[in-house]
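Given next are the chains, with one letter for each unit.
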Amino acid sequence: MAKFSINLKDGSVKQEEEKDIIVGIDLGTTNSLVAYINEGQPEILRTPTASKALVPSIVHFDESGSVVVGDAAKEMLISAPERTIYSVKRLLGKSYTDISEIKDLLGYTIIDEDEDTLVKIKVGDRYYSPIELSAEILRELKRVAESRLEAKIEKAVITVPAYFNDSQRQATRDAGKLAGLDVLRIVNEPTAASLAYGIGTSREQAETIAVYDLGGGTFDISILEIQDGIFEVLATNGDTFLGGDDFDRAIIDYWMETYSIPAQLLEDKAFGQMIRLQAEEAKKTLSSSSEYSFSFENQEFSITKETFESIISPLVDKTLEICRRCIEDADIELSSIDQVVMVGGSTRVPLVKEVVAKLFKKEVNDTIDPDQVVALGAAVQADILAGNRKDMLLLDITPLSLGIETMGGLMDTIIPRNSKVPAKAGRQYTTSVDGQTKLKVAVYQGERDLVKDNRKLGEFVLSGIPPMAAGMPKIDIKFILDADGILRVKASETRSNVQTEVQIKSQYGISEEEMALMLKDSLVNAQQDMDQRALIEAQNEGKNVALHSEKFIEQNAAILSSEEVKTLKSHIGTLRSQIESGTKDDINGAMDALNAYSTPLAQRALDHNIAVALKGKDL
Ligand code: ADP
Ligand code: MG
């Protein structure tokens, strides 16, 4: 969309230079928001009809597989829990082993494979990755921004918790890409919140900031140091299962006890939903009044602010304890903290503000809406990246992602594009074949999911790996990128200490135009790339599962009946043929079936092996 301006004095028409709008996005566990800079000021974007700016981070699939996001999805939480996905941020970038303790708490099905592969969520007979589900939320935010601004939005800054690791950050980037967004930067939530308050937006002396973030289901405290516009996280701590939802639960418990309501009534959908909504309403009301009451089927329910504060006080104390530990970890004196920033809807509770101010011995920054502060700060960061804030230092960044080829021709990004230079990053890999003594390391540059679509920078071979079973060697790949764009790639097998190193000129022979084209291609092909990646990943995983199962039959012939061996082999056969010609859902389905059949057999084999081991010993 081109914009023209008319000079009213002389009637001349001039085309205005159109700058791409970069939005800032807070992709939250409970709620998400999008913001932009309007004439120098950050502003939340919402559709003209929306009653509130928050988009609940909830995705619902109906029977036909079509998807709704936000408030409409939230309404389905109680009536169709198995098709309604919430808290997907908790699963982003995580493997099955990472989430074993939380999966029982969620109302939808997480496929349990007890492996190091990334989690999948099953809805009907479709399998979704947390990246795809997060992309649905981002698509909704993109739609909101586009309808409000009447412009195409293709660039964004997205925030993540300070403790997010490399894999969680990469997953967030991938979700953005899948939603059709070029993610210019992943920013820490506490950094964004500070930026919204204008902290760190000018080059002043160093400051130390504590950011206290109490959301719906999570608590985070971060201590940052800011110098010359650069934010460094000194320490971060938190509780991933502590937040406003626990306040709601405390109110429900209080009512159930005070009015002697039998616990099983909570199982009743209508009553359960009613009381949950009332509890949240009560909590919010008590942030600004002294009492809340309502009646339901001739029973009056009420709660005073005083009671509310006394029942949540143990929860609030828990956050303070975590803050104290974080200050200790940061290795600073309490008095050297210059500012305290409040983030998250639950910091609206006056008690929370009071005790936090008391702990830090200073007034807290709470003038910006705590629901919105992260998204607003993300918009400020976007503005800095767009070069609109001349007072801000712009750091050198890598224009394209750098990574290596992994199984099936996939690109595994090690240093994402827009990382600050110099940069250092690495990851651990292993072998896929028994007795493998060599590993080819092929280095690529670009944003596409398959290396064949990216630019090859070079390759080398790490040799001399002692023969071991597949999966046993620990191969570290390290990328070290210096300020001149020279990339050093080091590969080493840590058990045996063999290593190799090469140097590559990453920017050599590529023009700005070619880079822009590569970026555009990655956005245009995002969906197709992601589908291909998902298929190849399912194939890789399927091959592993088939291989393991074959080894299992070999090693446990003694305890398996011939019938069981036959059934196992038939499941493996089905899986192998799905790997050859099936879709990712077919492969996942075949893996599920094989796992379901083999799990009790594996348990029996384990019991048997323990019994054998114990036999030889005196007890
Ligand atoms: P997240 O960062 O996890 O996505 P938010 O920062 O949006 O979460 O916080 C959501 C939580 O804030 C919910 O538990 C909600 O009930 C709570 N909340 C919102 N408004 C208020 C209020 N006025 N008083 C108390 N709690 C509130
Ligand atoms: Mg948040």
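Before any of the text, the structure's been laid out above.
One structure accompanies this document, and this report is about it. None of the values given here were measured: they were computed from a predicted structure.

Some details on the overall build of the chain
Then, number 1: From N to C terminus, the chain includes 13 helices and 28 strands.
Then, number 2: In summary, the chain has a C-alpha radius of gyration of 27 Å against a globular reference of 25 Å for 619 residues, a match within 12%.
Then, number 3: The principal-axis extents of the C-alpha atoms in the chain amount to approximately 75 × 75 × 55 Å.
Then, number 4: Burial statistics for the chain: of 619 residues in total, 49% are counted as buried.

As for helix 8 (residues 350–360)
Then, number 1: Every buried residue of helix 8 is accounted for by Pro350, Leu351, Val352, Val355, Val356, Leu359 and Phe360.
Then, number 2: Looking at the buried positions of helix 8, the neighbouring elements they touch are strand 15 (207–214), strand 16 (219–227), helix 5 (244–258), helix 6 (269–286), helix 7 (305–330) and strand 20 (339–343).
Then, number 3: Two residues or fewer past helix 8, Lys361 is found with a positive phi of approximately 55 degrees.

Concerning the pairing of strand 17 (residues 230–239)
Then, number 1: Note: strand 16 against strand 17, nine bridges, orientation antiparallel. By the bridge assignment, Asp220 is partnered in strand 17 with Gly238.
Then, number 2: What sits between the antiparallel neighbours strand 16 and strand 17 is a turn of two residues, in which Asp228 has the positive phi angle 50 degrees.

Some words on the sheet that holds strand 10 (residues 109–110)
Then, number 1: One open sheet holds the three strands; their spatial order is 10-11-12, and the pairing between them is antiparallel. If you trace the sheet from one side to the other, it starts and ends with strand 10 and strand 12 (126–128), each paired once.
Then, number 2: With two bridges joining them, strand 10 and strand 11 (residues 121–123) adopt antiparallel strand pairing. Each bridged residue has a counterpart across the sheet, and for Thr109 the counterpart in strand 11 is Lys122.
Then, number 3: Contacts from helix 2 (residues 130–149) reach strand 11 and strand 12 within the one sheet, and its direction differs from that of strand 12 by about 80 degrees.
Then, number 4: Packed on one face of the sheet, helix 13 (residues 584–615) meets strand 11 and strand 12 and runs near 95 degrees to strand 12.

Overview of a negative patch on the surface
Then, number 1: Taken together, the side chains of Glu328, Asp329, Asp331 and Glu333 make up a negatively charged region of the molecular surface.
Then, number 2: Assignment of secondary structure puts Glu328 in helix 7.

Considerations on the sheet that holds strand 8 (residues 67–69)
Then, number 1: If you walk across this open sheet you meet the three strands as 8-7-9, and the pairing is antiparallel. On the outer flanks of this sheet lie strand 8 and strand 9 (84–85), each paired with one strand and no other.
Then, number 2: Pairing analysis gives three bridges linking strand 7 (residues 59–61) to strand 8, with the strands arranged antiparallel. By the bridge assignment, His60 is partnered in strand 8 with Val68.

Observations concerning the packing of helix 2 against helix 3 (residues 166–178)
Then, number 1: Direction vectors running N to C along helix 2 and helix 3 enclose 55 degrees, while the axes themselves pass 8 Å from each other. By the criterion of interaxial angle, the relationship of helix 2 to helix 3 is oblique. Handedness of the crossing formed by helix 2 with helix 3: right-handed. In contact with Ile131, Glu132, Ser134, Ala135, Leu138 and Arg139 of helix 2, helix 3 contributes Ala171, Asp174, Ala175, Gly176 and Leu178.
Then, number 2: Along the lines of polarity and charge, the residues of the contact of helix 2 with helix 3 split into six nonpolar, two polar and three charged.

A word on the packing of helix 5 against helix 6
Then, number 1: With their axes 9 Å apart at the nearest point, helix 5 and helix 6 run at an angle of 115 degrees to one another. The angle between the axes of helix 5 and helix 6 places the two elements in the roughly perpendicular class. In terms of crossing hand, the pair formed by helix 5 and helix 6 is right-handed. For the pair helix 5 and helix 6, contact is made by Gly244, Phe247, Asp248, Ile251, Ile252, Trp255 and Met256 and by Phe271, Ile275, Arg276, Gln278, Ala279, Glu280, Ala282 and Lys283, respectively.
Then, number 2: Taken together, the residues of the contact of helix 5 with helix 6 break down into nine nonpolar, two polar and four charged.

Details of the side chain of Asp476
Then, number 1: Following the sequence through the fold, Asp476 ends up in strand 26 (residues 475–481).
Then, number 2: Lys478 is the oppositely charged side chain nearest to the buried, salt-bridge-free Asp476, at an N-O distance of 4.5 Å.
Then, number 3: Within the local environment of Asp476, its side chain forms a polar contact with the side chain of Gln428, the two groups lying 3.3 Å apart.
Then, number 4: Those residues in contact with Asp476 that sit more than four places away from it in its chain are Arg427, Gln428, Lys490, Ala491, Ser492 and Thr494.

Structural notes on the site of ligand 1
Then, number 1: Taken together, 17 residues lie near ligand 1, and Thr30, Asn31, Glu280, Lys283 and Ser287 sit nearest.
Then, number 2: Take Lys283: an N or O atom from its side chain is 2.6 Å from an oxygen atom of ligand 1.
Then, number 3: About the coverage of ligand 1: the protein hides 89% of its 590 Å² of free accessible area.
Then, number 4: Residue assignment for the shell around ligand 1 shows that the elements contributing at least two residues are helix 5 and helix 6.
Then, number 5: A per-element tally of the shell around ligand 1 places helix 6 first, with three residues.
Then, number 6: Classifying every residue of the shell around ligand 1 gives one nonpolar, 11 polar and five charged.
Then, number 7: Residue assignment places the shell around ligand 1 across two domains, with domain 1 (22–190) and domain 2 (244–310) each supplying three or more.

Cut-offs applied
- Residues numbered from 1 in each chain as written.
- Chains lettered and ligands numbered in written order.
- Predicted model: local features only at pLDDT ≥ 70, side-chain atom pairs only at ≥ 80, totals over all residues.
- Heavy atoms only, no water.
- Helix = DSSP H or I, 4+ residues; strand = E, 2+ residues; numbered from the N terminus.
- Rg over C-alpha atoms; globule rule 2.2 N^0.38 Å.
- Buried < 20%, exposed > 50% of the residue type's maximum accessible area, 1.4 Å probe, protein only.
- Contact = heavy atoms within 4.5 Å.
- Pairing = 2+ DSSP bridges.
- Axes fitted to C-alpha atoms, helices over the stretch in contact; angles between N-to-C directions.
- Patch = residues over 30% accessible without salt bridge, like charges linked within 9 Å, V, L, I, M, F, W, Y side chains within 5 Å.
- Areas by Shrake-Rupley, 256 points an atom, 1.4 Å probe, with all protein chains shown as cover.
- Salt bridge = Lys/Arg side-chain N within 4 Å of Asp/Glu carboxyl O.
- Lys, Arg positive; Asp, Glu negative; His and termini not counted.
- Charge placed at Lys NZ, Arg CZ, Asp CG, Glu CD.
- Parallel < 35°, antiparallel > 145°, perpendicular 65-115°, else oblique.
- Left-handed = near helix turned anticlockwise from the far one by under 90°.
- Nonpolar A, V, L, I, M, F, W, Y, C, P; charged D, E, K, R; others polar.
- Polar contact = N/O pair within 3.5 Å; in protein donor to acceptor, adjacent residues only side chain to side chain.
- Near = heavy atom within 4 Å.
- Domains from an automatic or database assignment.

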